[in-house]
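# Examination of the molecular architecture
The primary structure of each chain is shown beneath.
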Amino acid sequence: MNKVVLVGRLTRDPEVRYSQSESSTAVGRYTVAVDRRFKRDNEPTADFIPCVVFGRSAEFAEKYFRQGMRVAISGRIQTGSYTNKDGVKVYTTEVIVEDQEFAESKAEFEANRNSYQQNSYQQNSYQQPAPAPTADKGAGFMNMPDEDGFMNIEDGIEDDLPFS
């Protein structure tokens, strides 16, 4: 059985691109920093797991997930390889996401947001912090969960949700 469950923090905002096929499909990518349970001297304290998500779930991640946010995902591990432009074979391992959800409330995220943007979860020191979430009161939703941990979702979006 190939099943993986991860709980960690996003290292940056998800990125979504669309496939070039006739029925264009959203392909989202993000990295989850998962704390190691046991820490040894001179070892990293987290593993950075690349994740790929498809379709409406990818669009959902792009719209609602933000850098530093704690998420829970489940899926399967997929390995692959390709030859880069220098002729070197590169091996890849990533999680193909089947299910994703928030693992903290908006209040928890907001309380710790600044520390997430400045801590060791950033893989590269040159990355800029994510912009602060913005509210769009006119559309009737926010791009983050409310104080009670639930999201306000705009009217008529039910048809676009990745779940029923």
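See the structure printed just above.
For every chain, the first residue of the written sequence is number 1, and numbering continues from 1 onward in sequence order. For a predicted model such as this one, the threshold for reporting local features is a pLDDT of at least 70, and the threshold for listing and counting side-chain atom pairs is 80 or more; totals across whole chains, interfaces and linings nevertheless cover every residue. Side-chain measures here rest on the full set of heavy atoms in the structure, leaving out hydrogens and waters.

### Focus: the nonpolar core
We call a set of buried Ala, Val, Leu, Ile, Met, Phe, Trp, Tyr and Cys residues a nonpolar core when their side-chain atoms join them within 4.5 Å. Each residue's exposure class comes from its accessible area (1.4 Å probe, protein chains only) as a fraction of the maximum for that residue type: buried when under 20%, exposed when over 50%, partly exposed otherwise. Residues L10, Y30, V32, C51, F65, V71 and I73 are the most contacted members of the largest nonpolar core, which totals 21 residues. The secondary structure listing takes helices from DSSP runs of H or I that are at least 4 residues long and strands from runs of E that are at least 2 residues long, numbered from the N terminus. Counting residues per element, the ones that place at least two in this core are strand 1 (4–10), strand 3 (26–35), strand 4 (46–54), helix 1 (55–64), strand 5 (70–83) and strand 6 (89–102). The contact criterion used is simple: two residues touch if any of their non-hydrogen atoms lie within 4.5 Å. Setting aside its immediate chain neighbours within four residues, V71 contacts L6, V7, G8, L10, V32, F65, E101 and A103.

### Focus on helix 1
Of all the positions in helix 1, only A58, F60, A61 and Y64 are classed as buried. Take helix 1 and look down its axis: the buried residues cluster within an arc of 160 degrees, on one side only. In this context, the arc is that of the directions from the helix axis out to the C-beta atoms.

### Some remarks on the packing of aromatic side chains
In summary, the pairing rule links any two rings of Phe, Tyr or Trp, Trp by its six-membered ring, whose centres are within 6.5 Å, and it sorts them by plane angle into stacked for under 30 degrees, edge-to-face for over 60 and tilted for everything else. For the structure shown, the criterion picks out five aromatic pairs. Residues F60 and Y64 carry aromatic rings whose centres are separated by 4.8 Å and whose planes lie at 45 degrees to one another, so their mutual orientation is tilted. Pair noted here: F60 and Y64 are both in helix 1, with a separation of four residues, about one helical turn. A centroid spacing of 6.0 Å and a plane angle of 80 degrees characterise the contact between F60 and F65, whose relative ring orientation is edge-to-face. A relative accessible area of 12% means that F60 is categorised as buried. Every member of this aromatic cluster is reached through a ring pair, and the members are Y30, F60, Y64, F65 and F102.

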